[in-house]
Structure formats: structure tokens, C-alpha cells
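# Residue-level structural notes
If you want the building blocks of each chain, they are given just below.
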Amino acid sequence: MKFYLGVTDYNWYRYLCMLAPDDVNFWRPGGKTPFRSLGPGAPFFFKLKSPYNAVGGVGFFSSFTKLSTSMAWNVFEKRNGCYLLHELRKMILQYREDSYDENPEIGCII
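Residues take numbers from 1 onward in each chain, read along the sequence in its written order. Only residues with pLDDT of 70 or above have their local features reported here, since the model is predicted, and side-chain atom pairs are shown and tallied only from 80 upward, although totals for entire chains, interfaces and linings are computed over all residues. Neither water nor hydrogens contribute to the side-chain values; these are computed over all heavy atoms in the structure.

The helix and strand tally for the protein stands at three helices and six strands. Secondary structure elements follow DSSP: runs of H or I of four or more residues count as helices, runs of E of two or more count as strands, with numbering from the N terminus. Tracing the protein from N to C terminus, the helices and strands come up as β-α-β-β-β-β-α-α-β. Each of the three principal axes of the protein carries a C-alpha extent, and together these read 40 × 30 × 25 Å. When the 110 residues of the protein are sorted by exposure, 37% land in the buried category. By sequence separation, contacts in the protein at least 24 residues apart represent 63% of the contacts at least 6 residues apart. Only the protein chains shown count as covering a residue, and every accessible area follows the Shrake-Rupley method with a 1.4 Å probe. For the protein, the exposed surface amounts to about 6,600 Å²; the carbon and sulfur share of it is 54%. Positive charges come from Lys and Arg alone, negative charges from Asp and Glu alone, with His and the N- and C-terminal ends not counted. Charge coordinates come from a single atom per side chain, which is NZ of Lys, CZ of Arg, CG of Asp or CD of Glu. Taking the 13 positively charged and 10 negatively charged side chains of the protein as two groups, their mean positions are separated by 6 Å. When accessible area is computed with a 1.4 Å probe and restricted to protein chains, residues below 20% of their type maximum are described as buried, those above 50% as exposed, and intermediate ones as partly exposed. The contact rule is simple, with two residues in contact once any of their heavy atoms fall within 4.5 Å.

The following block contains the structure:
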């Protein structure tokens, strides 16, 4: 069986656990590389970064797309792992070198 282990931030994970949505946007801040590792329905495990270093949960891959940050917010809202759009932008920009772009394209793994 094919699966994927996505490394994620604990705060993103904890927020979504409390929200308990049917789907989430596991966003990739770079937005340049397509996600082709899984087919629809394959398990996607969420591995928490240090200091947790554990698998926190599992979801099932649905699709991948690239969206601007604002469009990702319009589509997924809180299912991006935060309460407000400016929080999403802040989370994304901390991982990007081009922090001058207020609305960068991101990869969206659903």
C-alpha cells in the first residue's frame, strides 16, 4: 500500500483537531512542485515536527492544486489551519524567501 508522511507544524495540527473538519488544506508554502506521490483515497499521515516527532493522525488524499494564498483562504478558510487570513499569510511567509509577496501561490494538498 502506498502512503505519504507529511511533516507538519503542531499548531496547525492542533487547531484542525479542535475544528474537526471533513477536509483540510495541507498547504505547501513554495507552491512550485506538484504533488504526485499519491492517488485519490491513499493514506496521508501527519508527522509532527520536533519536539513531538510522532505521527499525529491520518487523512486520505483527495487532490492537489496550486492557489494564491487569498484564493486558498476563500476556498478553505479555517481549514487552512488558522483563524484568519493574515495568520495564514504569516505562517506561509515564514517558510518563503520571497517574503515581499503578500499573496504568493501555494500548493494545496486536500
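Right, let's talk about the side chain of Asn25 for a bit. Its place among the elements puts Asn25 in the loop between α1 (10–19) and β2 (26–28). Discounting residues that sit within four places of it in the chain, Asn25 has contacts with Trp12, Ala72, Phe76, Arg79, Asn80, Ile106, Gly107, Cys108, Ile109 and Ile110.

To continue, consider the nonpolar core. Joining through side-chain atoms within 4.5 Å is the link that ties buried Ala, Val, Leu, Ile, Met, Phe, Trp, Tyr and Cys residues into a set, and such a set is a nonpolar core. Counting residues in each nonpolar core, the largest one holds 26 residues, and the members touching the most others are Trp12, Trp27, Phe44, Phe46 and Leu88. Of all the secondary-structure elements, those providing two or more residues to this core are α1, β2, β3 (43–48), α2 (69–76), α3 (85–93) and β6 (105–109). Sort the elements by how many residues they give to this core and α1 lands first, with four residues. Look past the residues within four positions of Leu88 in its chain and what remains in contact with it is Trp27, Thr69, Trp73, Asn80 and Cys82.

For the rest of this paragraph, the subject is the sheet that holds strand β1 (residues 4–8). Strand pairing is assigned whenever DSSP identifies at least 2 bridges connecting the two strands. Ordered in space as β1-β3-β4, the three strands form an open sheet in which the pairing is mixed. Sheet topology places β1 and β4 (55–60) at the edges, where each strand pairs with a single neighbour. Within the sheet, the average angular offset between the axes of one strand and its neighbour, ignoring direction, is 30°. Taken together, the five bridges between β1 and β3 define a ladder with parallel strand orientation. In the strand pairing of β3, Gly6 is matched with Phe46. Only C-alpha atoms enter the line fits that serve as axes; for helices the fit covers just the stretch in contact. Angles between N-to-C directions range over 0 to 180 degrees. Sheet strands touched by α1: β1, β3 and β4. Its angle to β3, the strand with the most contacts, is close to 120°.

Spatially, three strands are ordered β2-β6-β5 in an open sheet, and the strand pairing comes out antiparallel. Taken across any chain shown, the strands that pair with only one partner, and hence form the sheet edges, are β2 and β5 (64–68). For this sheet the average axis-to-axis angle between neighbouring strands, irrespective of direction, equals 35°. Here five bridges tie β5 to β6, and the two strands are oriented antiparallel to one another.

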